[in-house]
Amino acid sequence: MNTLRRQLIDFIDQGVIPKEKIDVALAALKVTPDGKSWRTFVDHLLLWLGGLALAFAVMFFIAYNWAALGRFAKFGMVELFIVLAITAYCKLAENAIASKVSLFVATISLGVLLALYGQTYQTGADPWQLFFNWALLMLPWAVIGRFPAMWIVWIALMNASIILYFMTFRGIFGFVFGSESGMLWIVFLFNTFAFVAWQVLEKAWGWLAESWAMRLLAVSSGVPITWLVLLSIFDYREVGTFPGLIWVVWLVAMGYIYRKVKRDLFMLAGCCLSTITVTVSFFGRHILHNGEAGAFLILAFMVVGMGGGAALWLKKVHQEWQL
Amino acid sequence: MNDQTKEIWELLQASGIVLGEPPGRGDSSPPWFVKALLAFSGWLAAIFILGFIVAAFAPVFKNSGVASVIGVILIAGAFVLLRMPANAFVEHLGLAASLAGQVLLVYAIFDFADHNEITAWLLMAIFQAVLVWFMPNFVHCVVSALVAAIAVSMALNEMEIPYLAAGIVLFGASYCWLNEFRYPQQMEKIRAMGYGLVLALVALKGMTRFGYSAFAPRFLQHHGSLPHPWVGGIIIGAVTVYVVWRLLQYYGQPMLGRLSITTLLATLLVCAVSMNVQGIAVGMVIVCLGFWSANRVLLGLGMVSLLFYISSYYYLLDTTLLDKSLSLLVVGLILFVVRWLMQKIIPAANEVQHA
């Protein structure tokens, strides 16, 4: 829908569509949706928001930890809600959206059940275990659900458990990676693996081919490696040059794949952003010693030059792909 | 010209909207993330320019008069640069110079207002509104509209009516998106204002967790609670009904027709039950406007707004988790009831005809 809209805007900007015919053009190109599309959209919106509102209602209720309600009533309530959601999933199998909403609601409620278990029995478990067990137990639903949002939730839960695990044990991986950077390395490796796996598997399973999910995974891979490079710039003794080498490999691979193999301007823009951040940080670290005015001016021009160059290059690539 | 553009042109030709040969390739606008990159590097450069000014001319920040003069010079220079024919480097420099100038001028405004924060925030909002109108750059207009909306909300906080902000900004955003194509000459400006105001809404709804107790602390010290906070909910409800009414009008539905009355009543019902969970209605309006204008960025912002709101709502201190749970339960059930009614009244095989 965005291509039609963008093209129509281009035509209007060029003045080839008279003002009085813009509404007709919007309808002719189906930029503005017709009655059928509206009905489907409102139906899906009400279903998703309604389902999520109920799931969050259960979550907030359990978080309130109402003393007047016994633990069996609480467990019964959450378990009944999960059973209802799964029953709805089975019954509504022919309605793709309704079944997805049901499974998603059941997934959120599963986390609530695990939190309630920890809250009631004070198991002494660490917070990372909650997220890890949640990810583990929801895995079969993610497999049968076959929709990207469920897998993104799974990856987010795994990220949360890795971060919390690291915060709890402060680096059982310490002997390999050092202290602070260990968590970033593990998050980077996990997310990059998920990103690559997603790219490979989307060819076999078409339902994985959602650009928003792939872009989110690219960001989740790019942020930790950029962060690691920044750590190596500002605290060299802590991290060394290794992150810089991996970052260059990551950058070259991303640039080549999304420029030549699989066109995606978002990925290239992300690479530009990472490059600007790292370069400016590197020079900032080395020339901004005593807050000299000249150093600030050099950095300002450097950012303008790099930002302008990146925008120019991205625009050129964008126009090249449009031909 | 690629095949897709040709196809679109032929479709427009077949509908009698355009005649003759398609025009040459225009200077198509880059995607949102390229503009976001531009905004990011503009800001970063502005910080270094400010660093340069502070390091080279330290007295600037000791005298608001000097700060305002340098600020105005920088903004005027940026205006000249941004009026020049499209050039990415010049555009970046213009953005950076303007943002640095704005920081200096805002410093001068707050100094001038002499601790009268209402005046300061209102002056800042007016100043940003002037920039939205005059600055010939899309990214600049988005940032200025965002800052203007935040300044208005801060002024309302100081006036001890913080709950009005979301409704006013939502109205501004809705008005922009509903009239996006109405003034072709100003289309880009209207779009930039629309994005800026929606971003402000996402920020405002994301800050819900702080609640009114953080927005108007001095007032609460004296009075204990804010009078009539439900007015905010009513304004948001009124804007939601206005948006639905305008959409029904667009599709040529008679106001007293069955579809219009049912839709408006359902909207009223949803607004009434979400009075305590206002972010849901705000998110729904943004998502609907995004769907209506086939604008995926707006659609995404609506979803982000809903996501931010619900996570922020959890931490809101003004009400207990039990009350929040009850509010969400009622909203969820009513949304399902509305969906069920919609399926009964407008069966899938009998959709509304496009006007």
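Residues numbered from 1 in each chain as written. Chains lettered and ligands numbered in written order. Predicted model: local features only at pLDDT ≥ 70, side-chain atom pairs only at ≥ 80, totals over all residues. Heavy atoms only, no water.

Digging into the overall build of chain B
Then step 1. If you tally the helices and strands in chain B, you get 15 helices and zero strands.
Then step 2. For chain B, the residues scored as buried account for 52% of the 355 residues in total.
Then step 3. Contacts in chain B between residues at least 24 apart in sequence constitute 67% of all its contacts with a sequence separation of at least 6.
Then step 4. By element, 69% of the accessible surface of chain B is carried by carbon and sulfur atoms, the whole surface being about 16,400 Å².
Then step 5. Side-chain charges in chain B split into 17 positive and 16 negative, and the spacing between the mean points of these groups amounts to 5 Å. (Helix = DSSP H or I, 4+ residues; strand = E, 2+ residues; numbered from the N terminus. Buried < 20%, exposed > 50% of the residue type's maximum accessible area, 1.4 Å probe, protein only. Contact = heavy atoms within 4.5 Å. Areas by Shrake-Rupley, 256 points an atom, 1.4 Å probe, with all protein chains shown as cover. Lys, Arg positive; Asp, Glu negative; His and termini not counted. Charge placed at Lys NZ, Arg CZ, Asp CG, Glu CD.)

Brief notes about the packing of aromatic side chains
Then step 1. In total, this model carries 36 aromatic pairs over all chains according to the counting rule given.
Then step 2. Centroid distance Trp38 of chain A to Phe291 of chain B: 5.0 Å. Interplanar angle 75°. Geometry classified as edge-to-face. Pair noted here: Trp38 of chain A is in helix H3 (residues 35–64) and Phe291 of chain B is in helix H13 (residues 278–292), and the two residues belong to different chains.
Then step 3. Take Trp38 of chain A: its relative accessible area is 13%, and that puts it in the buried class.
Then step 4. Between the aromatic rings of Tyr250 of chain B and Tyr251 of chain B, the centroid separation amounts to 5.2 Å while the plane-to-plane angle is 85°, which identifies the pairing as edge-to-face.
Then step 5. Within the aromatic cluster, the residues linked to one another by ring pairs are Phe56 and Phe60 of chain A together with Tyr309, Tyr313, Tyr314 and Tyr315 of chain B.
Then step 6. Directly above the ring of Phe138 of chain B sits Lys35 of chain B, whose terminal nitrogen or CZ lies 4.2 Å from the centroid.
Then step 7. The positively charged end of Lys324 of chain B is found above the aromatic ring belonging to Tyr313 of chain B, 5.7 Å away from the centroid. (Phe/Tyr/Trp six-rings, centres within 6.5 Å; stacked < 30°, edge-to-face > 60°. Lys NZ or Arg CZ within 6 Å of the ring centre and 35° of its normal.)

Concerning the interface of chain B and chain A
Then step 1. Contacts between chain B and chain A engage 84 residues on the former and 87 residues on the latter.
Then step 2. Surface buried jointly by chain B and chain A totals about 7,900 Å² across both partners, of which 77% is contributed by carbon and sulfur atoms.
Then step 3. Our count for the chain B to chain A interface comes out at two salt bridges.
Then step 4. Between Glu180 of chain B and Arg5 of chain A there is a salt bridge, with its nearest N and O atoms 2.8 Å apart. (Buried area = accessible area lost by both parts, 1.4 Å probe. Salt bridge = Lys/Arg side-chain N within 4 Å of Asp/Glu carboxyl O.)

As for the side chain of Thr240 of chain B
All names here are of chain B.
Then step 1. One can find Thr240 in helix H11 (residues 230–250).
Then step 2. Classification of Thr240 by relative accessible area gives buried; the value is 10%.
Then step 3. The contact partners of Thr240, leaving out residues within four places of it in the chain, are Thr267, Cys271, Ala281 and Val285.

Observations concerning the layout of surface pockets
Then step 1. Each pocket or cavity is described by its volume, and for the second largest pocket that value is around 890 Å³.
Then step 2. Lining the second largest pocket are 35 residues, and of these Val42 of chain A together with Val244, Thr263, Thr267 and Met342 of chain B sit closest to its centre.
Then step 3. Going through the elements one at a time, H3 of chain A together with H11, helix H12 (258–273), H13 and helix H15 (321–345) of chain B are the ones with two or more residues in the lining of the second largest pocket.
Then step 4. Sort the elements by how many residues they give to the lining of the second largest pocket and H12 of chain B lands first, with nine residues.
Then step 5. A breakdown of the residues in the lining of the second largest pocket according to their chemical character gives 25 nonpolar, nine polar and one charged. (1 Å grid on protein atoms, 1.4 Å probe; cavity = no way out; pocket = protein on both sides within 12 Å on 5 of 7 lines; lining within 4 Å. Points joined across faces, edges and corners; volume = space filled by probe spheres on them. Nonpolar A, V, L, I, M, F, W, Y, C, P; charged D, E, K, R; others polar.)

Focus: a nonpolar patch on the surface
Then step 1. A surface patch of nonpolar side chains, about 580 Å² in accessible area, is lined by Trp245, Met255, Leu256, Ile261, Leu265 and Leu268 of chain B.
Then step 2. In this structure Ile261 of chain B comes out as partly exposed when scored by relative accessible area, which is 36%. (Patch = residues over 30% accessible without salt bridge, like charges linked within 9 Å, V, L, I, M, F, W, Y side chains within 5 Å.)

Here we look at the packing of helix H13 (residues 265–287) of chain A against helix H14 (residues 293–322) of chain A
All names here are of chain A.
Then step 1. Between H13 and H14, the least distance of the axes is 10 Å, while the angle of their chain directions is 165°. One way to sum up the angle between H13 and H14 is to call them roughly antiparallel. Two packed elements cross with a definite hand, and for H13 against H14 that hand is right-handed.
Then step 2. Class assignment for the residues of the contact of H13 with H14 results in 19 nonpolar, five polar and no charged. (Axes fitted to C-alpha atoms, helices over the stretch in contact; angles between N-to-C directions. Parallel < 35°, antiparallel > 145°, perpendicular 65-115°, else oblique. Left-handed = near helix turned anticlockwise from the far one by under 90°.)

Examining unusual backbone geometry
Then step 1. One non-glycine residue with positive phi stands out, namely Arg146 of chain A, at about 50°.
Then step 2. You can see Arg146 of chain A is positioned in the loop between helix H6 (127–145) and helix H7 (148–169).
Then step 3. Judged by its relative accessible area of 44%, Arg146 of chain A falls in the partly exposed class.
Then step 4. One non-glycine residue, Ala294 of chain B, lies in the positive phi region at around 50°.

Thoughts on the confidence of the model for chain A
Then step 1. This prediction gives chain A a mean pLDDT of 88; 94% of its residues lie at or above 70.
Then step 2. The weakest mean pLDDT in chain A belongs to helix H8 (residues 174–177) of chain A at 50; the strongest belongs to H13 of chain A at 94. (pLDDT = per-residue confidence, 0-100.)

Some points on the side chain of Asn295 of chain B
Then step 1. For Asn295 of chain B, the location among the structural elements is in the loop between H13 and helix H14 (296–315).
Then step 2. Within polar-contact distance, the side chain of Asn295 of chain B engages the backbone nitrogen of Leu298 of chain B at 3.2 Å. (Polar contact = N/O pair within 3.5 Å; in protein donor to acceptor, adjacent residues only side chain to side chain.)

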